[in-house]
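# Coordinate inspection notes
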Amino acid sequence: AAAAAAAAAMTTIDKLGITGIRSFPPNHENAVSFEKPLTIILGHNGAGKTTIIECIKMACTGDLPPNVSYGSAFVHDPRVRG
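It should be emphasised that the depicted structure is a prediction, and the values quoted were computed from it without experimental measurement. (Residues numbered from 1 in each chain as written. Predicted model: local features only at pLDDT ≥ 70, side-chain atom pairs only at ≥ 80, totals over all residues. Heavy atoms only, no water.)

### Some points on the confidence of the model for the protein
- The predicted model of the protein averages 81 in pLDDT, with 73% of residues at 70 or higher.
- For the protein, per-element mean pLDDT is lowest for helix 3 (residues 78–81), which scores 56, and highest for strand 2 (residues 30–33), which scores 94. (pLDDT = per-residue confidence, 0-100. Helix = DSSP H or I, 4+ residues; strand = E, 2+ residues; numbered from the N terminus.)

### Some details on the layout of surface pockets
- A volume near 230 Å³ is recorded for the largest pocket.
- Of the residues assigned to the lining of the largest pocket, the class counts are eight nonpolar, three polar and three charged. (1 Å grid on protein atoms, 1.4 Å probe; cavity = no way out; pocket = protein on both sides within 12 Å on 5 of 7 lines; lining within 4 Å. Points joined across faces, edges and corners; volume = space filled by probe spheres on them. Nonpolar A, V, L, I, M, F, W, Y, C, P; charged D, E, K, R; others polar.)

### Looking at the pattern of salt bridges
- Using the criterion set out here, one finds one salt bridge in the structure.
- The partner of Arg 22 in a salt bridge is Glu 54, with the nearest N and O atoms 2.4 Å apart. With Arg 22 in the loop between strand 1 (15–18) and strand 2 and Glu 54 in helix 2 (residues 49–61), this pair connects stretches of sequence that are 32 residues apart.
- Relative accessible area serves as the criterion here: at 29%, Arg 22 is assigned to the partly exposed category. (Salt bridge = Lys/Arg side-chain N within 4 Å of Asp/Glu carboxyl O. Buried < 20%, exposed > 50% of the residue type's maximum accessible area, 1.4 Å probe, protein only.)

See the structure below:
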């Protein structure tokens, strides 16, 4: 019963739109859809796999990635970059 309650309380993400973050262009939204029960993110070096994970973290917690000062190397938005 406890496992069923924990599973029912779990938060899921269905879709993530990324615009103007690192290598994702500021004038086009890239959508990442998440499938249940598992989504695997794979691609070549520099494809944006880590950026997707960092965007999820930023959306959920508001925290910028490590070694990023005020979002200047992460977000392509002058209002956020400071």
